[in-house]
Amino acid sequence: MPGTKRFQHVIETPEPGKWELSGYEAALPITEKSNPLTQDLDKADAEQIVRLLGQCDAEIFQEEGQVMPTYQRLYSESVLTTMVQVAGKVQEVLKVSFNQLMKGLGQKPLYTYIIAGGDRSVMASREGTEDSALHGIEELKKVAAGKKRVIVIGISVGLSAPFVAGQMDYCMDNPAIFLPVLVGFNPVNMARNDPIEDWSSTFRQIAERMQKLQEKQEAFVLNPAIGPEGLSGSSRMKGGSATKILLETLLLAAHKTVDRGIAASQRCLLEILRTFERAHQVTYSQSPKIAALMKQASTSLEKKGRVYLVGWQTLGIIAIMDGVECIHTFGADFRDVRGFLIGDHSDMFSQKAELINQGPQFSFSQEDFLTSILPSLTEIDTVVFIFTLDDNLTEVQTLVEQVKEKTANIQALAHSTVGQTLPTPLKKLFTSIISITWPLLFFEYEGNFIQKFQHELSTKWVLNTVSTGAHVLLGKILQNHMLDLRIRNSKLFWRALAMLQRFSGQPKARCIETLLQVIHFPQPLSDGIRAAPISLHVQVAHEKEQVIPTALLSLLSRCSIPEAQAQLAAAPSVCEAVRSALTGPGRKRVADPLETLEPALL
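Residues numbered from 1 in each chain as written. Predicted model: local features only at pLDDT ≥ 70, side-chain atom pairs only at ≥ 80, totals over all residues. Heavy atoms only, no water.

Counted by the stated rule, this structure contains twelve aromatic pairs. An aromatic cluster of three or more residues is present, and its members are W312, F385, F387 and F430. (Phe/Tyr/Trp six-rings, centres within 6.5 Å; stacked < 30°, edge-to-face > 60°.)

Here it is as structure tokens:
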């Protein structure tokens, strides 16, 4: 209800929504539910898509309902208290500051990262890498070798990844060295509870064990609800943004206060959180230009052109990840939306050897862009340059001039601080510029870090919105569901099954049978295949296109797989084919099969 918020906010956050009601898609965890705000996303135009996704992002900062508090939120007392406690534990192992400063003082960096599938996963979609608990533990052992005390922050947006579950379990079994911190955005009772193929506990059992240890501060679970994704289950969006906000707030607060010799406090956390709210406000004030870029990107893709995101420094990493995520989210070709990193990246990857000479899909540097992309650019391609006015603008201008010889579709996302202006010769080269101007920060210690974090988060919001909206405009989305996603892990297998049940209204057994038939087609289903572990089905499905829409059309039209494939080939888009089948003669409207979907599914 209006007027019941505990804190003063920079932005107007939405009031608690329908998704918080206990009966809303009750069988699904929050991160897999469909967001009521975007239920007609597939009917929206570019301007409406930006507005709707902006509203969904604002839910990150939403407080829990005062009248009917259902879930703990980012600003809940319980979450802020846990963040303060974890910041205190971080302070115990801190010396001075972030990695760059540590290196400048000749000390080893205090931070490192582990990603399922290694650095190659940043550049390319890799199937099943997060489905092994044992692999997660092996990677953790390598990184922790020789360390006396290690805080392990395991991130699994839906509390579902076995790779993280194994690490958390291992940490709890070795408390003298490890302190595990689990970050996700579902309540523990919604964590995945199906068996992990190479482990003895489920994710939920491990999270419940951590909750008990939290009472003694021997483990922590940080899991505020942030609401369903604007595009159902697309955790690259709100899940990724909220993870970045939460970790950077917590770690920066720890650094800031350890330098002053004081304990971290809620007040310190709230100051930093408000700077991220301001990033939302500043970013979405550019909504008309974001919508224009979305339409341009969609036009290029519709004409079979490409969209290239060329970013300087860490903004290049954001660009690369946005492009890669389109592969499994929308079934896109890796060439459709691609990111490139301009500048020194020697300190950005821990396993650089995995990325060198690995083929075109792993090309991401300035040299790669100049040698592999620039010569083949055409008029139907779109190139977006992403930089700050503190970057080398002469270098930016030189590259833009080279690209302009090939295509006129050149746009910019430029971050500046009040008082900075883009040089006129460079400004004239762009068709359109999303110019984001940031206020001066007067924080004596953390100002530079916060500004960098704001640039990165703002860039992420813009690119996520543009690439998602471009594919919505191409007809890749049904309502707010990713109908054409690639099944690359066990979580997505179960999500595919849930979508088949939702839209076909058919029983679980029928949907599983049809899904497996499509995955293994043209090989007939044998009892051996039916009884095979999920990992086998994922391994086969990952290489195939349009698995879910083919299975859904087969169910809706009661036709063979080749007939369903023919319907897809003849339709202007995947979703048009499905809509025709949904509204065809004799079709009854399905109420909502997810209200009775078996909880074990997800």
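Once you've had a look at it, read on.
Turning to the pairing of strand β8 (residues 432–438), a few remarks are in order. A large share of β8 lies buried, amounting to five of its seven residues. With seven bridges joining them, strand β7 (residues 410–417) and β8 adopt parallel strand pairing. Considered in β8, the bridge of A412 is made with I433. (Buried < 20%, exposed > 50% of the residue type's maximum accessible area, 1.4 Å probe, protein only. Helix = DSSP H or I, 4+ residues; strand = E, 2+ residues; numbered from the N terminus. Pairing = 2+ DSSP bridges.)

A sheet is described by the order of its strands in space; here five strands give the open sequence β5-β4-β6-β7-β8, paired in parallel fashion. For this open sheet the edge positions go to β5 (337–342) and β8, each flanked by a neighbour on one side alone. Shown here is a sheet whose adjacent strand axes are inclined to one another by a mean of 15°, direction ignored. With five bridges joining them, strand β4 (residues 307–312) and strand β6 (residues 382–388) adopt parallel strand pairing. Residue pairing in the sheet places V310 in a bridge with F385 of β6. Sheet strands in contact with helix α12 (residues 366–373) are β4, β5 and β6, and its direction is about 130° off that of β5. Most of the contacts of helix α13 (residues 393–404) go to β6, to which it runs at about 175°, and overall it touches β4, β5, β6 and β7. (Axes fitted to C-alpha atoms, helices over the stretch in contact; angles between N-to-C directions. Contact = heavy atoms within 4.5 Å.)

Bringing the sheet that holds strand β2 (residues 178–183) into the picture now. In spatial order, the strands read β1-β2-β3; together these three strands make up an open sheet with parallel pairing. Two strands close off the open sheet at either side, each with one partner strand: β1 (150–155) and β3 (220–222). The sheet shows a mean angle of 20° between the axes of neighbouring strands, direction not considered. Relative to β2, β1 is paired through six bridges, and the arrangement is parallel. Bridged to I151 within β2 is L179. Its contacts with the sheet place helix α2 (residues 77–93) against β1, β2 and β3, and it is angled at close to 130° to β3.

Another aspect to go through is the pattern of salt bridges. All told, the structure shown has 27 salt bridges when counted by the stated rule. Between D42 and R579 there is a salt bridge; the shortest N-O distance is 2.8 Å. One end of the pair, D42, is in the segment before α1 (46–58); the other, R579, is in helix α22 (residues 574–582), with 537 residues separating them in the sequence. One salt bridge in this structure joins K216 and E218, with 3.9 Å as the shortest N-O distance. A single salt-bridge network, built from bridges that share partners, covers K244, E248, K452 and E456. (Salt bridge = Lys/Arg side-chain N within 4 Å of Asp/Glu carboxyl O.)

One face of the sheet, then the other: side chains in a regular strand alternate in exactly this way. Here β1 shows one buried face, formed by V150, V152 and G154, and one open face, formed by I151, I153 and I155. In this fold, the crossover linking β1 to β2 by way of helix α6 (residues 162–173) has right-handed handedness. (Right-handed = clockwise from strand over helix to strand, strands pointing away.)

Residues F521 and P522 are joined by a peptide bond in cis, for which omega reads 10°. Considering the arrangement of structural elements, one finds P522 in the loop between α17 (508–520) and α18 (527–530). Even without being a glycine, L159 presents a positive backbone phi close to 50°. As for its placement among the helices and strands, L159 is situated in the loop between β1 and α6. One non-glycine residue with positive phi stands out, namely Q479, at about 60°. Counting through the fold element by element, Q479 comes out in the loop between β9 (477–478) and β10 (481–482).

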